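Structural characterization, general
Here is how the chains run, residue by residue.
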Amino acid sequence: MLDHMPDARAFDALCPMHVAVNAEGRIAHLGPTLAKLLDADAEGRPFLELFELVRPRGAESVADLRAEAGAPLHFKLRDAHRTPVKAVAAPHRGGLIINMSFGISVVEAVGTYSLTSRDFAPTDLTIEMLYLVEAKSAAMEQSRDLNARLQGAKIAAEEQAFTDTLTGLKNRRAMDHIMERYLSTDGRFSLMHVDLDYFKSINDTLGHAAGDHVLQEVARILVDETRREDTVARVGGDEFVLIIHEIERPERLDAIAERIIARLEQPITWNGEICRISGSAGTSRTSQYETPKIEEMLHHADLALYASKRKGRGRHTHFTPELLELDLRQPAGDRGAPHPDLREG
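All of the points below concern the structure found in this document. (Residues numbered from 1 in each chain as written. Predicted model: local features only at pLDDT ≥ 70, side-chain atom pairs only at ≥ 80, totals over all residues. Heavy atoms only, no water.)

**Let's talk about the sheet that holds strand β1 (residues 18-21)**
Basically, it comes down to this: Following DSSP output, two strands are said to pair if at least two bridges run between them. Secondary structure elements follow DSSP: runs of H or I no shorter than four residues count as helices, runs of E no shorter than two count as strands, and numbering proceeds from the N terminus. Whenever a helix is involved, its axis is fitted only over the stretch in contact; in every case the axis is a line through C-alpha atoms, and angles between N-to-C directions fall within 0 to 180 degrees.
Strand order in this open sheet of six strands is β2-β1-β6-β5-β4-β3, and the pairing throughout is antiparallel. Lying at the two open borders of the sheet, with one neighbouring strand each, are β2 (27-30) and β3 (51-55). Across the sheet, the mean angle from the axis of one strand to that of its neighbour is 35°, orientation sign disregarded. Pairing between β3 and strand β4 (residues 72-77): four bridges, direction antiparallel. From the neighbouring strand, E52 faces β4, where its bridge partner is K76.

Now the structure itself:
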């Protein structure tokens, strides 16, 4: 056994990934790092029982390997990982010293076998490679952390750009983006324009803080009365647009509008004061157009909304082509007139 020879300690220090093979082809000694890789009682076992020779092809014995002394050898460990290693052999006392230092992938060494710089000779190039891998890993970790923070900041900025800050709803920009996406994929939807009735009187009598509170409550009601796949956007002071995904039957849209209007007519309390509003709505549907366009659908929903205003507010109207022939932009009466039941503050 090599470990009884005077040069065993020198081999262990100079090339810790070496194996000494005797003339019978059995392992006489393993360097400490190679012993760590094999994790087995290897000494005394046939060398080719633990190492599969890949190149040169045709070498099947220690005598064949001795004939390849000085040439590059390629092995695979006969373990669960089938790790490839490169080596060079030199004759030694009737057998061979096979040095596999710098013959294992550094990634395999670190990731699979948890090797460190202590497992290699101080002058081995693997030490430099290990330092590079560690530096690269640290740099990659910092890069991933920076990318994650940048991505988070980007998402936050995009969310802010598409969000109405007062109500937390989508804004006009977001609404346009969503409608463009639906129309580009032939998605079917209805566009319901909701405008608050008597809202101006809240601001005039109770102040803008009360008006902001009412708008926030309205936003909550609109979200409550729609589904997760629908979109609720605030597009003006007291104007909202609902993108109702894949619902175009008039009776279903009427039911949604009626629920919303009924909720809006319930009193809203602010600092002990009662705020009363209502809502009017108008709807256009993609099924009404051969090629739906955003501005056209919005304009038609707006016309239907003003038809509701002209009919007395607190109601819902579907767009029809007949509305194009009527001047409905100025509904009867003053839009800012106070609700009959509004309690002056």
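**Details of unusual backbone geometry**
Heads up, the condition is: We call a residue buried when its accessible area falls under 20% of the maximum for its residue type, exposed when it is over 50%, and partly exposed in between, using a 1.4 Å probe and counting protein chains only.
Between R55 and the following residue, P56, the backbone shows a cis peptide bond with an omega angle of 0°. For D186, which is not glycine, the phi dihedral falls at a positive 60°. Within the element layout of this structure, D186 appears in the loop between α7 (172-184) and β7 (189-197). Residue D186 is classed as exposed on the basis of its relative accessible area, which comes to 64%. If you check the backbone angles, R313 has positive phi at about 70° while not being a glycine. In this structure, R313 sits in the loop between α11 (294-310) and β13 (316-318).

That is the geometry; function is a separate question.
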